[in-house]
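Structural overview for review
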Amino acid sequence: MRIVVPDDYPPFYSASGQAELERLRARADVALYDTRFADSRELRARIAPAEAVINVRAYSRFDAETLEAAPDLKLITVVGTGVDNIDLAECTRRGVVVCNTPGVATISVAELAVGLMLAVARMIPASDRALRAGEWRHWEGPELAGKTLALLGLGAIGRQVAVLGRGLGMRVIGWTFHPDPIRATAAGVELVGFEQLFRQAEVLSIHLRLSPHSTALVGENELALLKPGAILINTARAAIVDQAALVEALHSGRLAGAGLDVHDPEPLPPDRNPYLEFDNVVLTPHSGTVSREANLRSLREPVENVLAFLDGRPRNVVNPA
């Protein structure tokens, strides 16, 4: 089998010494590209001979035109859970199996979400910058204990954030497209209606997958429902939040701050960063999955998906049959 990793930039498998890929090389021909392709044409050229693709970065778009360029393609496995960059219906039509790696970064993303809550609430990055500049300055921020943590999305990551939030003494409420009362109760989450979630939120943390239903789900109207002084955290996908509405809510002072690990575009270029003026916005470079433990799992699990496919027992399949 010919396996292509077309988008190992910034370096992931390359930075690890490629030990996991060596397991595949014992059974297949593996091509690894550790530079970012210039455009969709170059992506198509890279995957043209592939029978299997390991998709590392969400900036790679596997639409109908791209899939057309790889007539022998049988498998795409992503690093992580999100498959919004892949046309699943077209893959199904072509007989291409799409797999993800659920659970590899649940704890890491949840911990970063809580870290962003604390960083924004207590203005930790701003305090650090001021002190390094010789300024001894205090910002008064809220305690999180006793506050209402509102979770938009209650998948594995959302439920883990609930557990951590309860550990901080927060009341946790949640809303999701497909509520599961048993799982919610086990995580200590009180299920509420969509508008209720925003009206009661003192910290709003987003944990939905990007889909046509969730794109721009949080807009001007939803942000206006939030209590004055609320904090917004997004470690899911940038497109779930209307960026212009978020910037306006920060300008108006309705939001006390925001912690954002996801951006549009990514990498976020300095000349298109709308948050540079805000001391109360904490930005991280889509690094929720980047912990030592999550990296090890993320390197291993796509390879396991390929090996399982080679053995005739596909696992973690996400596209419809």
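That block above? That's the structure.
These lines cover the structure that appears in this document, whether it is placed above or below. (Residues numbered from 1 in each chain as written. Predicted model: local features only at pLDDT ≥ 70, side-chain atom pairs only at ≥ 80, totals over all residues. Heavy atoms only, no water.)

Below, the discussion takes up the overall build of the protein. When its secondary structure is counted, the protein shows 12 helices and 12 strands. A principal-axis box enclosing the C-alpha atoms of the protein has dimensions of 60 × 50 × 30 Å. Residues counted as buried form 47% of the 321 residues belonging to the protein. For the protein, the share of sequence-separated contacts (at least 6 apart) that also reach a separation of at least 24 residues comes to 65%. Of the accessible surface of the protein, which amounts to about 15200 Å², a share of 51% is contributed by carbon and sulfur atoms. Treating the 33 positive side-chain charges of the protein as one cloud and the 39 negative ones as another, the clouds have centres 4 Å apart. (Helix = DSSP H or I, 4+ residues; strand = E, 2+ residues; numbered from the N terminus. Buried < 20%, exposed > 50% of the residue type's maximum accessible area, 1.4 Å probe, protein only. Contact = heavy atoms within 4.5 Å. Areas by Shrake-Rupley, 256 points an atom, 1.4 Å probe, with all protein chains shown as cover. Lys, Arg positive; Asp, Glu negative; His and termini not counted. Charge placed at Lys NZ, Arg CZ, Asp CG, Glu CD.)

Right, let's talk about helix H2 (residues 40-47) for a bit. For H2, every residue scored as buried is listed here: Leu43, Arg44, Arg46 and Ile47. For H2, the angular spread of the buried residues around the axis is 160 degrees, confining them to a single face. Residues of H2 that are exposed and point more than 90 degrees away from the buried face comprise Arg41 and Ala45. Turning to H2, the residues buried within the fold contact strand E1 (2-5), strand E3 (52-55) and helix H3 (64-68). (Arc of directions from axis to C-beta.)

Burial analysis of strand E11 (residues 255-260) places five of its six residues in the buried class, the great majority of the element. Note that strand E10 (residues 230-234) and E11 share five bridges and pair parallel. Among the inter-strand pairings, Asn234 is bridged to a residue of E11, identified as Leu260. Bridge count for E11 against strand E12 (residues 281-283) is three bridges, and the pairing is parallel. Across the sheet, the residue bridging to Gly259 is Val282, located in E12. (Pairing = 2+ DSSP bridges.)

A word on the environment of Ala145. Along the chain, Ala145 falls in the loop between helix H6 (124-132) and strand E6 (148-152). When its relative accessible area of 41% is taken as the criterion, Ala145 is described as partly exposed. With 24 residues separating them in the primary sequence, Ala145 and Gly169 have C-alpha atoms 4.4 Å apart. Setting aside its immediate chain neighbours within four residues, Ala145 contacts Leu168 and Gly169.

This part covers the pattern of salt bridges. Under the criterion given, the structure shown has 21 salt bridges. In this structure, a network of salt bridges that share partners links the residues Arg2, Glu51, Asp72 and Lys74. (Salt bridge = Lys/Arg side-chain N within 4 Å of Asp/Glu carboxyl O.)

What follows concerns the side chain of Ser60. For Ser60, the location among the structural elements is in the loop between E3 and H3. Other than its neighbours up to four places away in sequence, Ser60 contacts Asp7, Phe37, Leu43, Asn55 and Asn85.

Let us now look at the sheet that holds E11. The strands making up a sheet are joined through hydrogen bonds of the backbone, oriented either antiparallel or parallel. Across the sheet, seven strands lie side by side as E8-E7-E6-E9-E10-E11-E12; this open sheet has parallel pairing. Bordering the open sheet on either side are strand E8 (190-191) and E12, each of which pairs with just one other strand. Where E6 meets strand E9 (residues 203-206), four bridges bridge the pair, whose relative direction is parallel. What sits directly across from Leu152, in E9, is Ile206. Strand contacts of helix H7 (residues 156-167): E6 and strand E7 (171-175), with the helix running at about 175 degrees to E6, the strand carrying the most contacts. (Axes fitted to C-alpha atoms, helices over the stretch in contact; angles between N-to-C directions.)

This part is about the layout of surface pockets. Size it by volume and the second largest pocket reaches roughly 250 Å³. Pro142, Gly229, Ala230, Ile231 and Ala256 are, among the 18 residues lining the second largest pocket, the residues nearest its centre. Of all elements in the fold, only helix H5 (106-121) and E10 reach the threshold of two or more residues within the lining of the second largest pocket. Per-class residue counts for the lining of the second largest pocket are 11 nonpolar, two polar and five charged. (1 Å grid on protein atoms, 1.4 Å probe; cavity = no way out; pocket = protein on both sides within 12 Å on 5 of 7 lines; lining within 4 Å. Points joined across faces, edges and corners; volume = space filled by probe spheres on them. Nonpolar A, V, L, I, M, F, W, Y, C, P; charged D, E, K, R; others polar.)

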